[in-house]
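Coordinates in review
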Amino acid sequence: MSEEKQEEVARWGDSTAAVHAGTARPYCQHSLTLPVYQTATYTFEDTQDLKEFMDARMWGLQEGRIEYGRYGNPTIAAVESKLAALERAEEAILFSSGMAAITSTLLTMLSSGDHLILTDDCYRRTRQFCHSYLKRMNIDVSIVPAGNFSSIESAVSANTKLILSELPTNPYLRVVDLEKLVDIGSKNGIRTAIDSTFATPINLRPFEIGVDFVFHSATKYLGGHNDLLAGVCVGSASLLAMVRQNQWMMGAVSDPHTAYLLDRGLKTLALRVRHHNAAAQAISEFLNDHPRVERVWYPGLNTHPDHEVAARQMSGFGGVVSFEIRGDLENAARCIDAVELPIIAPSLGGAETLIEQPALMSYFELSTEERMELGIKDNLVRLSIGLEDPQDLIDDLDQALKAL
Ligand SMILES: *Cc1c(COP(=O)(O)O)cnc(C)c1O
């Protein structure tokens, strides 16, 4: 993108960027929509054409052309520039999944002997990767309580290279103060990374606050329709150049059809997220007042421990609401079975409201005691609010709770 174009995009609002950013018109055959370049490789006219390409590549000058599918694709490139524009960042790299984005970036930035600081309530597979895989590579990992800055600071040592956190966290929607996190990073010369899947760039833009790497599972809100798997890493051009080199070698690339679906989903991102924000606020307030509900976890409620930070830092509180039903594991399960609209499934961020009991979905193999150690209560229910009319969801939850 030219600098002029980049400046224009930076002035756009979220919806304009979601529709228009990344479009390099005219497209092939003057197609209005983004063409799907369903190809694994690219052709050369003749030997001279190939030589010129190789020469330019040697000097790092081969702008605008690609030789093989793992090194790029025009459909994927268009979505990457839209994602970068939405985060107001320089670069974005699309991956085959959220986990591929996180693991590929960590493997790029960390070497044997380095140290990583990770906050404790992050995505289970991320924690598993850091705890088992990175440790096997002699990368030291400290897991510290999210939001506890003094324990983050005391975990810092001479070989600390990266602090990785998540925001809002799953399932309690905790929100860390990013300015403080970035401050610890810059004071100590340590890079920071945030998994911002639950926030989306509509509610929060960590790169603008100074975070080096922003991850999303694009499978969730960015795609928005539960019909694709993808991940993204966003950041500065210089850092992401290293990540991209690694992706070309490790190969966790996305594919053109997924990129097309993601571009299509992104066009409505701002509209969808604003709906999710408003619906989740209304539903969390309803649940908060319900006698059969013990506690509601939603950062938009002033009873949430991080409400103040979230209100200062975010422009919306997101579409996930967690709540504890009075009683035990069976009570919560009975309520889940009694609702009619929400569907039992893992994941979040799509059009359909999904409901799950974390104790039985993500943490099934653990005992109640082990789950309690991780803070996962048996009576906890997680709702990912979809695009239905909030009142219909409220009526449905009300009949299910009353039947307990
Ligand atoms: C789903 C999720 C991931 C993993 O993303 P995939 O696309 O499933 O690989 C990582 N972090 C968070 C917060 C998630 O919700």
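All of the points below concern the structure found in this document.

A separate point is unusual backbone geometry. With omega at 0°, the peptide bond leading from Arg 25 into Pro 26 counts as cis. Tracing the backbone shows Pro 26 in the loop between helix H2 (14-20) and helix H3 (47-58). Look at the link from Leu 167 to Pro 168: it is a cis peptide, with omega at -20°. With respect to the helices and strands, the residue Pro 168 is situated in the loop between strand S4 (160-166) and helix H8 (178-188).

Quick look at empty space enclosed by the protein now. The probe, sized like a water molecule, is rolled over the atoms to show the empty space still left. Tallied over the entire structure, the rule returns one cavity of 30 Å³ or more. As a volume, the largest cavity reaches approximately 30 Å³. In terms of lining residues, the largest cavity is bounded by Ile 102, Leu 118, Cys 122, Thr 126, Leu 164, Ser 165, Glu 166 and Asp 195. With three residues, S4 is the single largest residue contributor to the lining of the largest cavity. A breakdown of the residues in the lining of the largest cavity according to their chemical character gives four nonpolar, two polar and two charged.

What follows is about the nonpolar core. Leu 83, Leu 262, Leu 287 and Phe 323 are the most contacted members of the largest nonpolar core, which totals 85 residues. If you tally residues by element for this core, the top one is helix H13 (residues 269-288), at eight residues. The two domains that each donate at least three residues to this core are domain 1 (3-37 + 73-266) and domain 2 (269-402). Once residues lying within four places of it in the same chain are set aside, the contact partners of Leu 287 are Val 293, Val 296, Val 321, Phe 323, Leu 383, Leu 397 and Leu 401. Among the nonpolar cores identified, the runner-up in size contains 26 residues, and Phe 95, Leu 239, Leu 240 and Val 243 belong to it.

Within the structure, the ligand sits among Ser 97, Gly 98, Met 99, Tyr 123, Glu 166, Asp 195, Thr 197, Phe 198, Ser 217, Thr 219, Lys 220 and Ala 230. One of the backbone N or O atoms of Gly 98 is found 2.8 Å from an oxygen atom in the ligand. Contacts to the ligand include Met 99, whose backbone N or O atom sits 2.9 Å from an oxygen atom. Taken atom by atom, the bulk of the ligand overlaps the second largest pocket. Looking at the shell around the ligand, its residues break down into four nonpolar, five polar and three charged.

Take the layout of surface pockets next. One number sums up the size of the second largest pocket: a volume of about 650 Å³. Those elements giving two or more residues to the lining of the second largest pocket turn out to be helix H5 (98-109), helix H6 (124-136) and strand S6 (213-217). Looking at which domains feed residues into the lining of the second largest pocket, each of domain 1 (3-37 + 73-266) and domain 2 (269-402) gives three or more.

Further remarks concern the pattern of salt bridges. With the rule as written, the count across this model stands at 17 salt bridges. The salt bridge partner of Asp 14 is Arg 205, with a shortest N-O separation of 3.1 Å. Of this pair, Asp 14 sits in helix H2 while Arg 205 sits in the loop between helix H9 (200-203) and helix H10 (206-209), placing them 191 residues apart in sequence. Among the residues examined, Asp 14 registers a relative accessible area of 14% and is labelled buried. Residues Glu 208 and Arg 205 are paired through a salt bridge, measuring 3.1 Å at the closest nitrogen-oxygen approach. Residue Arg 205 is classed as buried on the basis of its relative accessible area, which comes to 19%.

Calculation criteria
The written sequence of each chain sets the order in which its residues are numbered from 1. Confidence filtering applies because this is a predicted model: local features only for residues at pLDDT of at least 70, side-chain atom pairs given and counted only at 80 or more, and all residues used for totals across whole chains, interfaces and linings. Just so you know, side-chain values use all the structure's heavy atoms and leave hydrogens and water out. A run of H or I in DSSP counts as a helix once it spans at least four residues, and a run of E counts as a strand once it spans at least two, with each numbered from the N terminus. A 1.4 Å probe that fits into a set of points on a 1 Å grid over the protein atoms alone but cannot get out defines a cavity; an open set with protein on both sides within 12 Å along at least five of seven lines defines a pocket, and lining residues are those with an atom within 4 Å of a point. Grid points are joined across faces, edges and corners, and a volume is the space filled by probe spheres set on the points. As a working rule, the residues Ala, Val, Leu, Ile, Met, Phe, Trp, Tyr, Cys and Pro are called nonpolar, Asp, Glu, Lys and Arg charged, and the rest polar, with Gly in that last group. We call a set of buried residues a nonpolar core when its members are Ala, Val, Leu, Ile, Met, Phe, Trp, Tyr or Cys and they connect through side-chain atoms within 4.5 Å of each other. Any residue under 20% of the maximum accessible area for its type is buried, any over 50% is exposed, and the rest in between are partly exposed; the area is computed with a 1.4 Å probe on protein chains only. What counts as a domain boundary in this text is fixed by an automatic or database domain assignment. Throughout, a residue-residue contact means that at least one pair of heavy atoms, one from each residue, lies within 4.5 Å. Consider each residue's heavy atoms; a residue with any of them within 4 Å of a molecule or strand counts as near. Here a polar contact is taken to be a pair of N or O atoms separated by no more than 3.5 Å, where protein atoms must pair a possible hydrogen donor with a possible acceptor and residues adjacent in sequence count only if both atoms sit in side chains. To qualify as sitting in a cavity or pocket, a molecule needs more than half of its atoms within 2 Å of the grid points. A carboxyl oxygen of Asp or Glu within 4 Å of a side-chain nitrogen of Lys or Arg is what we treat as a salt bridge.

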